[in-house]
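Structure assessment
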Amino acid sequence: MVSEKKKEGVLAGFKAFLMRGNVVDLAVAVVIGAAFTNIVNSVVKGIISPLVGAVGTKSLDGYTSCLKGPCGVDAKGDAIGVNILWGSVLNAALTFLITAAVVYFLMVLPMAKYLARMEQRRRAKEGVQETMEITELVVLKEIRDELIAQRGQNGQGGQGGYGGQGGQYGHPGQGY
């Protein structure tokens with residue numbers, strides 16, 4: 001019986017974990033990231049690599065330096081000697097920089113501008129609402145002051161109002 005309660009508690013906890021917004025957001029981000037990786041790889045292979053190939057070779061992976069010779073490739077395709085494959089490192093670094101630039105300029109920057117615009121609109125809307133509330137309060141105070149001034153000029157009214165002795169506009173009664 002204890003194991004059933006413990007099992008239900010663990011399953012309920014796991015369900016709560018899966019239903020939290022962060023987990024769902026993370027899953028969506030991973031899926032979109034995987035799809036976006038294909039786009040970035042296509043940009044690198046279709047645009048950047050040919051541009052680099054116009055200056056040097058089409059593949060940076062071919063750039064090596066021989067640390068301990070004789071260096072080369074034997075008939076089986078295995079490397080001979082000690083080669084430093086700095087071309088593949090350079091290719092990976094360029095791919096990273098290109099990926100970061102594409103993500104920043106095509107995703108992060110436009111989203112930041114959009115969110116800033118939305119925040120500015122929200123603040124402007126709140127400012128208008130505050131101004132309207134303050135303006136309404138000022139108008140109501142002016143109306144109150146004007147009514148009090150009118151009562152004083154007419155010489156009527158006495159103690160009218162809430163719980164007062166006199167009625168509205170000086171008439172006897174309970175007040176309003």
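For clarity, every value in this text was computed on a predicted model and none was experimentally measured. (Residues numbered from 1 in each chain as written. Predicted model: local features only at pLDDT ≥ 70, side-chain atom pairs only at ≥ 80, totals over all residues. Heavy atoms only, no water.)

Examining the nonpolar core
Listed in full, the five residues of the largest apolar core are F36, V40, V44, I98 and V102. Sequence-distant contacts of F36, defined by excluding residues within four places in its chain, comprise V102, V103 and M107. (Core = buried A, V, L, I, M, F, W, Y, C linked by side-chain atoms within 4.5 Å. Buried < 20%, exposed > 50% of the residue type's maximum accessible area, 1.4 Å probe, protein only. Contact = heavy atoms within 4.5 Å.)

Considerations on a nonpolar patch on the surface
Taken together, the side chains of V24, V28, I32, Y104, F105, L106, M107 and V108 define a hydrophobic patch exposed on the protein surface, amounting to about 750 Å² of accessible area. Counting only elements with at least two residues in the nonpolar patch, the list comes to α2 (21-55) and α3 (86-154). Counting residues per element, the nonpolar patch draws most heavily on α3, which supplies five residues. With respect to the helices and strands, the residue V108 is situated in helix α3. (Patch = residues over 30% accessible without salt bridge, like charges linked within 9 Å, V, L, I, M, F, W, Y side chains within 5 Å. Areas by Shrake-Rupley, 256 points an atom, 1.4 Å probe, with all protein chains shown as cover. Salt bridge = Lys/Arg side-chain N within 4 Å of Asp/Glu carboxyl O. Helix = DSSP H or I, 4+ residues; strand = E, 2+ residues; numbered from the N terminus.)

Things to note about the pattern of salt bridges
Throughout the structure, instances matching the rule amount to three salt bridges. For E119, the salt bridge goes to R122, with nearest N and O atoms at 2.3 Å. With a gap of three residues between them, E119 and R122 both fall in helix α3, about one helical turn apart. Accessibility expressed as a relative area gives 29% for E119, which makes it partly exposed. Each of the salt bridges in this network shares a partner with another, and the network as a whole consists of E119, R122 and R123.

Some details on the confidence of the model for the protein chain
Overall, the prediction assigns the protein chain a mean pLDDT of 76, with 78% of residues at 70 or greater. When pLDDT is averaged over each element of the protein chain, α3 comes out on top at 84 and helix α1 (residues 2-19) at the bottom at 75. Counting contacts from residues 163-167, a segment whose pLDDT is below 50, to residues more than four positions away or on other chains yields 19 contacts. (pLDDT = per-residue confidence, 0-100.)

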